Amino acid sequence: MRSVSMTEQEVSPPAIIDLEDLGLDRGAHLLIDRALRALPIGGRLEVRGRDEALAIHLRAWARARGHSFVESEASTTLIRGAADHARWDQAERAGGALPTDIVHKPGANWGLAARGALVEAGGPPLHFDIEEKDLVWADLAPRLYAQAAANQWDPATAIDWASPFELQEEIESAVVQVMTYLVENEQVALIVPARFLGRIHPHFREVLQVLAVQAADEARHIEVFARRAALRGGPLGVSGAGGRASLATLLDEPEFALASFLLSVLGEGTFLSLLGFLETYAPDPIARRITHLARQDESRHVAFGMAHLEHQSVLDPQLRGRLRAAVERRHDALLDTVGLNQEVFDALVIMAAGSWTPSSIARGYGAVAALQAEMDEGRQRRLVRLGFPPDEASALSALHTRNFM
Ligand SMILES: [Fe+2]
Ligand SMILES: [Fe+2]
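In what follows, the accompanying structure is described. Keep in mind that this is a model prediction, so the values were computed, not measured.

Positive phi values are uncommon outside glycine, yet E20 reaches one of about 55 degrees. Mapped onto the fold, E20 is located in the loop between β1 (15-18) and α2 (28-37). Under the relative-accessibility criterion, E20 is labelled partly exposed at 48%. Although it is not a glycine, F404 adopts a positive phi angle of roughly 80 degrees. One can find F404 in the segment after α14 (390-399).

This is the structure in structure tokens:
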């Protein structure tokens, strides 16, 4: 039975493959495919074998793959079709595997394909809110991700939760108040990158990886601050309306550059000073240790925010104006709020004072004033690095939320 017309290739002797006992129900297609790939379209492959169902299976398989066939009593001869070629005709490479091969605007058709994969045409288009490299990228991202992955610490073992310490009840309450405040802030620091994570095209995978580990960092910060707050069994501190209003504005910012400017550069940048302060003044070894660990992570979060904004502001001269407007908008929105709760401010003073003598309180108050000056100076330095003139940097830093984050 001839199922195709005569061609020159049919006249020349076919290639031969012997499958021995192997049937198509146990992987024989791998050997047949491999042999067919070596042939031109129209080339012939005589398939021999002892599996009883081979002839029947081979016919069905060949039809499904678009190959024709000629049967004889002893064997089946396949004639290579063009379908496997045609399948990849329209395929395209999704950029390349390396960060240097990232394309500016990956197609929606690439969807979830691995960067650098050969993408078969015809899959469902998949749109992400953020599909342009320059809206999220920083050349530092691959290195920051590697560093972050290497520096993950385990809250169960990185902190000696049983280390002994004695604190006066009011000092303990001050620590608990600060921890309560930190948990609240860490929660927004987790939610903001986590929300963006799902909106960014996975072609920029190092950015997704950085944000994923950043979210994981915040998850650990929440854990250790909450655990220290509850360590001595007392109730948690207060959550003021002004602080929560300040944090809520961070969730309202839909643009990645502006959100990471407000959260990572200004907020987490300010937190670097706060955590450094706590590392110095916290009255117990556990609070000092957890703020030290969190601070190391935070410096990576700030570094990524800075690196991205430096990248984008070089390409987009309008960006600085939009960053300025974002700070002003947020300041206006928070005008009627108190910013940092008095309870948190007082707790910081008490922690730095360490006791209730007037001279200790004076020293604690002075330390918190110095902290605020250091926060302001850090913000101005980062703003200048982003290209703001010093006077503008100073004005913008002054508009930053009094809640620190
Ligand atoms: Fe954090
Ligand atoms: Fe952070």
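Moving on, we come to the coordination of the iron ion (ligand 2). For a metal bound by four donors in tetrahedral geometry, the ideal donor-metal-donor angle is 109.5 degrees, whereas six donors in octahedral geometry ideally sit at 90 or 180 degrees. On the protein side, the iron ion (ligand 2) has E218 (OE), E268 (OE), E298 (OE), E298 (OE) and H301 (ND1) as donor atoms, found 1.9 to 2.7 Å from it. For the iron ion (ligand 2), all donor residues lie on one chain, and their spacing in sequence is E-x49-E-x29-E-x2-H. Between the iron ion (ligand 2) and the iron ion (ligand 1), the interatomic distance is 3.5 Å, and E218 donates to each metal, bridging them. Taken together, the residues E218 in helix α7 (residues 205-230) and E298 in helix α10 (residues 285-315) connect sequence positions 80 residues apart. By the burial criterion, E218 is buried, and E298 matches it.

What follows covers the pairing of strand β3 (residues 68-71). As judged from the four bridges shared by β3 and strand β4 (residues 76-79), these two strands associate in the antiparallel manner. Counterpart to E71 in the pairing with β4 is T76. Connecting β3 to the antiparallel partner β4 that follows it, the hairpin turn spans four residues.

Criteria and thresholds
- Positions within a chain are numbered from 1, following the residues in the order the chain's sequence is written.
- Going through the entries in the order they are written, you letter the chains from A and number the ligands from 1.
- Local features are withheld for residues below a pLDDT of 70 in this predicted model, meaning they are given only at 70 or higher, and side-chain atom pairs are given and counted only at 80 or more; totals for whole chains, interfaces and linings count all residues.
- Excluding hydrogens and water, the side-chain figures rest on all heavy atoms present in the structure.
- Segments assigned H or I by DSSP are reported as helices when at least four residues long, segments assigned E as strands when at least two residues long, and all are numbered from the N terminus.
- Under the scheme applied here, a residue whose accessible area is under 20% of the maximum for its type counts as buried, over 50% as exposed, and between as partly exposed, the area being computed with a 1.4 Å probe on protein chains only.
- Coordinating donors are taken as N, O and S atoms within 2.8 Å of the metal, stretched to 3.2 Å for Na, K and Ca; because water is absent from the atoms, sites can appear incomplete.
- Strands are labelled as partners when DSSP assigns at least two bridges between them.

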